[in-house]
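# Results of the structural survey
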Number of protein chains: 2
Amino acid sequence: MLDIALIGTGGFMPMHNRYLTAMLARLNGRMLLIDCGEGTQMTLRRMGWGFKDIDVICITHFHADHIAGLPGLLLTIGNSGRTDPIIIAGPKGIREIASRLCVIAPIPYEPHFIELSPKGDAPVAFMAGNFKLSALALNHHIPCLGYRITVDRAGKFDAEKAKRFGLPLINWSKLQKGETIDHEGRRYTPDMVMGPERKGIRVSYITDTRPTSGIPDFIRGSNLFIAEGLYGDDEMLDQAKEKRHMIFSEAATLAKDGEAGELWLTHFSPALQDPKQYLPIARHIFPDAKTGFDRMNTTIRFKDGEESDI
Amino acid sequence: MLDIALIGTGGFMPMHNRYLTAMLARLNGRMLLIDCGEGTQMTLRRMGWGFKDIDVICITHFHADHIAGLPGLLLTIGNSGRTDPIIIAGPKGIREIASRLCVIAPIPYEPHFIELSPKGDAPVAFMAGNFKLSALALNHHIPCLGYRITVDRAGKFDAEKAKRFGLPLINWSKLQKGETIDHEGRRYTPDMVMGPERKGIRVSYITDTRPTSGIPDFIRGSNLFIAEGLYGDDEMLDQAKEKRHMIFSEAATLAKDGEAGELWLTHFSPALQDPKQYLPIARHIFPDAKTGFDRMNTTIRFKDGEESDI
C-alpha cells in the first residue's frame, strides 16, 4: 500500500491555512517528497510521519513556492539523525540550484542528485531509493516536470504448482521475490510458479503547466491524479494561460482523458479563497474530483484489497 | 512611538507553535524586519501589518533559521505591489548570499545592499530608510551581528520663546524639524527655541552569540532588549558554549549590566519545550524578563507618554 499526503496546497504565496506546494508519499516505511515550498517542514512536523526516513525529494521546477523550503528541510532531516545520503531529483540544474540554496544549511550528509531532461511527450523512467518513478516534461515558463510513482505488483503465487514441483517452503519466497532457484537438479524460474503481473498502484503529480498532449498517457490509469487548479472559474482561463497554469476544468479534462481513478486539485491561487466553491465545475467533467487541503491524506491499496504478495 | 513584534521565536528547527527567528519593528508606518527564518512570511500574514511597507531587512548571519525565508518574503513583498527598492543589510557577503537564495525568486525591484563589518566592540552606525541603526560584531561560529534601533527625540519646543522672538506660527514646525529660518533680518536656529534633546527609544536585538564584552554598552539603556536564550537551565551552559549560544542567565546578566528596561527572551532550542518553566532563573538576575512567543508585540512610547513633537 502507498500513503499519500498533500503537505501544502497553495501556489505563489502562503495563506493562513494553506502553505506552499509539497506532496508526501510513503511506501514500506520509506518516504518520497515531491516539491518543497516554504513551510514544508512545518507541515511535515504536524503530519507526524517523521523526517529521517525521507529518502527522495523530487522538485518540479525552480520557483520559490516549490523549492524554498529545501535548505530548512535538509537541515531538519540532518538533525533527525540521518547520515545516509538523500536523493534529490529535478530538472537539469537541480544540483547547482540546491547547492546555491544550501549555502545557508550545513547538512551532515551528501545529497545524490538526479538531473532529468525528458523531451517532448516521452517520459524518463528512473529509480530513486525504493521508488519507481517517471518524469514528464511540462509546459511552464521555465523547465518543469510532472512525476509518476508506480508500485508494481507481482502475479499471484501458485502454491499448488509449487507443491506439485515438490519445492520446499524455504524456496517459495525466493521465487516470489524474482529469484531463480535450483532444486534436486532442476532449475526453477519465477514464471513457473507466478501468475501474470497484476495491476499495481500509480499516483501522478502534475503542477505548474498548461495542459499538454503528453499528460493523458503519462497519468493513464493512475489511482490518484494530483493536479494543479490555480483558478476555479472558467473565466480565469486567459489569466491561467498567461501564467502557464491550469484551471479546474482543464485538470478535470486531463483526469477524464487519462482515465484516472480520482483527481485531487491543488496549488490554488491566493485569489481562490474557497476552492470548494468551484468543485462542481470539475465534477461536471470528472465526477471523482476533490479539492485538496493541507494534510489531506489517503492510503491506496491494491485493487482487490490484498496486500502485496512480496 | 515604535511597535515591536516577535515574528518567530524558535532556533534551529521550527516547532508546531514556534517558527524560526524574526523580529518586526514599525515606526511611522514604515517597517524593519530583523532576520527572516523560514515561515516568516506566514507569521507576518497573521500579524496583519502588511508587506508593502517593509523598507529594511537586517540579517544577523547566514544560517538557515535566520535567512531561509528571504526569497519567499521578497516575492510576497513584490506581489504586494511594491516596486520601490528594499534595503537588505547584513554581514559582509549579504549581497552574494541573498543573490544565491533569490535565484528561485524573480522579484520586481532591486534590493540595495548594506554590507557591515564592525570590528571588536565598536558598533557601526547606519541609516536604512527612516531607521537609525547600529550593528555590533558578535561571537558565533560564523560572522554574526547584533542590531540596535534608535528613535531620537528632539528637545521640547519653547513656544513662549518663539512668541517672544515674534516668530510667526508658520516657522515653528520648520525649527522643530531642525531647519534654520530667516525672519525680519534675523537668523533663527533650532537651538534658540528647542530644549535639550530628550531620551528617545532604543531596542536592541542580540542572538546567536556567546556573551561579549561589547554587548552591555551596545544595549545600554534600551527600553527593550531582545536576546536569545537557547536553553533555560544553567546546566546546559557547556552545550551553549559549544554551540556559541547563550542561556537564560547569561542573557539576563547582559540585560542587568546594560541597564535595559525589559528583556524578551527568544530563539529557543527545540529541546526547550516550555521556556516559561525557566523564567524564574532569568528573573532572579533581571526581574523584568519575559519569555517571547510568536506574535508577542508591544508599543514603546517616549518615557513621559508624550508623542514626539516632530
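Everything here concerns the structure above.
Scope of this entry: the structure provided in the associated data block.

## A short note on the overall build of chain A
The helix and strand tally for chain A stands at 10 helices and 16 strands. A globule of 310 residues ought to have a C-alpha radius of gyration of about 19 Å, and chain A, at 21 Å, matches this closely. Along the longest, intermediate and shortest principal axes, the C-alpha atoms of chain A span 70 × 50 × 35 Å. Counting only residues that meet the buried cut, chain A has 58% of its 310 residues in that class. Taking the contacts inside chain A whose residues are at least 6 apart along the sequence as the reference set, 64% of them involve residues at least 24 apart. When the accessible surface of chain A is split by element, carbon and sulfur atoms take 49% of a total near 12,800 Å². Of the charged side chains in chain A, 37 are positive and 38 negative, and the gap between their average positions amounts to 4 Å.

## Concerning the sheet that holds strand E12 (residues 198-206) of chain A
Residue and element names in this part refer to chain A. Strand order in the open sheet made by the seven strands is E7-E8-E9-E12-E13-E14-E15, with mixed pairing throughout. The sheet is open, and its two borders are formed by strand E7 (124-128) and strand E15 (289-291), each paired with just one other strand. Pairwise comparison of adjacent strand axes, ignoring direction, gives a mean angle of 25° for this sheet. Two elements, strand E14 (residues 262-266) and E15, share three bridges in a ladder whose sense is parallel. Residue Trp-264 lies in a different strand from E15, and its bridge partner there is Lys-290.

## Details of the relation of the copies chain A and chain B
For the pair chain A and chain B, the best superposition has an RMSD of 0.1 Å and corresponds to a rotation of 180° with a translation of 0.0 Å parallel to the axis. Taken together, the turn and the small shift mark the pair as related by a two-fold rotation axis. Here 100% of the contact residues of chain A are again contact residues in chain B; the copies associate through an equivalent surface.

## Some thoughts on the sheet that holds strand E16 (residues 297-300) of chain B
All names here are of chain B. Overall, mixed pairing links the seven strands, which are arranged E6-E5-E4-E3-E2-E1-E16 in an open sheet. One side of each edge strand has no neighbouring strand; the edge strands of this open sheet are strand E6 (112-116) and E16. Ignoring which end each strand starts from, the neighbouring axes of this sheet average 20° apart. Alignment of strand E1 (residues 2-8) against E16, held across four bridges, turns out to be antiparallel. Bridge assignment links Leu-2 to a residue of E16, and that residue is Ile-300. Sheet contacts for helix H1 (residues 40-47): E1, strand E2 (22-27), strand E3 (30-34), strand E4 (54-58) and E16; angle to E1, the most-contacted strand, approximately 135°. Against the sheet, helix H4 (residues 94-101) makes contact with strand E5 (87-91) and E6, and its axis sits at roughly 135° relative to E6, the strand it touches most.

## Some details on the interface of chain A and chain B
Listed per partner, the contact involves 31 residues of chain A and 31 residues of chain B. Approximately 2,700 Å² of surface area, both sides summed, lies buried where chain A meets chain B, with 66% of it carried by carbon and sulfur atoms. Our count for the chain A to chain B interface comes out at zero salt bridges. For the side of chain A that touches chain B, the elements supplying multiple residues, two or more each, are helix H1 (40-47), helix H2 (64-67), helix H3 (70-79) and helix H4 (94-101) of chain A. If you tally residues by element for the side of chain A that touches chain B, the top one is H1(A), at five residues.

## Examining the state of the cysteines
All names here are of chain A. Throughout the structure, instances matching the rule amount to zero disulfides over all chains. Free of any disulfide, Cys-102 has its nearest cysteine sulfur in Cys-36, 9.7 Å distant. Classification of Cys-102 by relative accessible area gives buried; the value is 16%.

## Comments concerning H3(A)
All names here are of chain A. Among the 10 residues of H3, nine are classified as buried, and the element is accordingly described as predominantly covered. When we look at burial in H3, the residues that qualify are Leu-70, Pro-71, Gly-72, Leu-73, Leu-74, Leu-75, Thr-76, Ile-77 and Gly-78. Directly after H3, the chain includes Gly-81, whose backbone phi takes a positive value near 105°.

## What to know about the packing of H1(A) against H3(A)
Residue and element names in this part refer to chain A. Remark: H1 packs on H3, axes separated minimally by 8 Å, with the N-to-C direction vectors making an angle of 40°. Considered as vectors, H1 and H3 are oriented oblique to each other. Contacts from Gln-41, Leu-44 and Arg-45 in H1 reach Gly-72, Leu-73 and Thr-76 in H3. For the contact of H1 with H3, the per-class residue count stands at two nonpolar, three polar and one charged.

## Describing the nonpolar core
Considering soluble globular proteins, one finds that nonpolar side chains tend to be buried as a cluster. Judged by nonpolar contacts, the single largest core of 68 residues is most densely connected at A:Leu33, A:Ile57, A:Ile67, B:Leu33, B:Ile57 and B:Ile67. The contacts of B:Ile57, once residues within four sequence positions are left out, are B:Leu33, B:Leu70, B:Leu73, B:Leu74, B:Ile86, B:Ile87, B:Ile88 and B:Ala89.

## A closer look at empty space enclosed by the protein
Taken as a whole, this structure holds one cavity of 30 Å³ or more when the rule is applied. At the level of secondary structure, the elements contributing two or more residues to the lining of the largest cavity comprise H2 of chain A together with helix H3 (70-79) of chain B.

## Digging into the side chain of B:Thr209
All names here are of chain B. If you trace the backbone, Thr-209 turns up in the loop between strand E12 (198-206) and helix H7 (215-219). From its side chain, Thr-209 meets the backbone nitrogen of Asn-139 in a polar contact 2.8 Å long. Setting aside residues no more than four positions away along its own chain, Thr-209 makes contact with Leu-138, Asn-139, His-140, Ile-215, Glu-228, Arg-244, His-245 and Met-246.

## Focus on the packing of aromatic side chains
The geometry of an aromatic ring pair comes down to the distance between the two centres and the angle between the two planes. Overall, the coordinates contain six aromatic pairs over all chains when judged by the stated rule. Ring centres of B:Phe248 and B:Phe268 lie 6.0 Å apart, and the angle between their planes is 55°; this geometry places the pair in the tilted category. Of this pair, B:Phe248 sits in helix H9 (residues 248-257) while B:Phe268 is found in the loop between strand E14 (262-266) and helix H10 (279-285), placing the two residues 20 residues apart along the sequence. Classification of B:Phe248 by relative accessible area gives buried; the value is 0%. Directly above the aromatic system of A:Trp49 lies the positively charged group of A:Arg26, at a separation of 4.0 Å from the ring centroid.

## Concerning the pairing of strand E13 (residues 224-228) of chain B
All names here are of chain B. Summarising burial for E13: five of the five residues are buried, a large majority. Note that E13 and E14 share five bridges and pair parallel. Following the sheet pairing, Ile-226 is matched in E14 by Trp-264.

Rules of the game
Residues numbered from 1 in each chain as written. Chains lettered and ligands numbered in written order. Predicted model: local features only at pLDDT ≥ 70, side-chain atom pairs only at ≥ 80, totals over all residues. Heavy atoms only, no water. Helix = DSSP H or I, 4+ residues; strand = E, 2+ residues; numbered from the N terminus. Rg over C-alpha atoms; globule rule 2.2 N^0.38 Å. Buried < 20%, exposed > 50% of the residue type's maximum accessible area, 1.4 Å probe, protein only. Contact = heavy atoms within 4.5 Å. Areas by Shrake-Rupley, 256 points an atom, 1.4 Å probe, with all protein chains shown as cover. Lys, Arg positive; Asp, Glu negative; His and termini not counted. Charge placed at Lys NZ, Arg CZ, Asp CG, Glu CD. Pairing = 2+ DSSP bridges. Axes fitted to C-alpha atoms, helices over the stretch in contact; angles between N-to-C directions. Least-squares fit on C-alpha atoms with pLDDT ≥ 70 in both. Buried area = accessible area lost by both parts, 1.4 Å probe. Salt bridge = Lys/Arg side-chain N within 4 Å of Asp/Glu carboxyl O. Disulfide = S-S within 2.5 Å. Parallel < 35°, antiparallel > 145°, perpendicular 65-115°, else oblique. Nonpolar A, V, L, I, M, F, W, Y, C, P; charged D, E, K, R; others polar. Core = buried A, V, L, I, M, F, W, Y, C linked by side-chain atoms within 4.5 Å. 1 Å grid on protein atoms, 1.4 Å probe; cavity = no way out; pocket = protein on both sides within 12 Å on 5 of 7 lines; lining within 4 Å. Points joined across faces, edges and corners; volume = space filled by probe spheres on them. Polar contact = N/O pair within 3.5 Å; in protein donor to acceptor, adjacent residues only side chain to side chain. Phe/Tyr/Trp six-rings, centres within 6.5 Å; stacked < 30°, edge-to-face > 60°. Lys NZ or Arg CZ within 6 Å of the ring centre and 35° of its normal.

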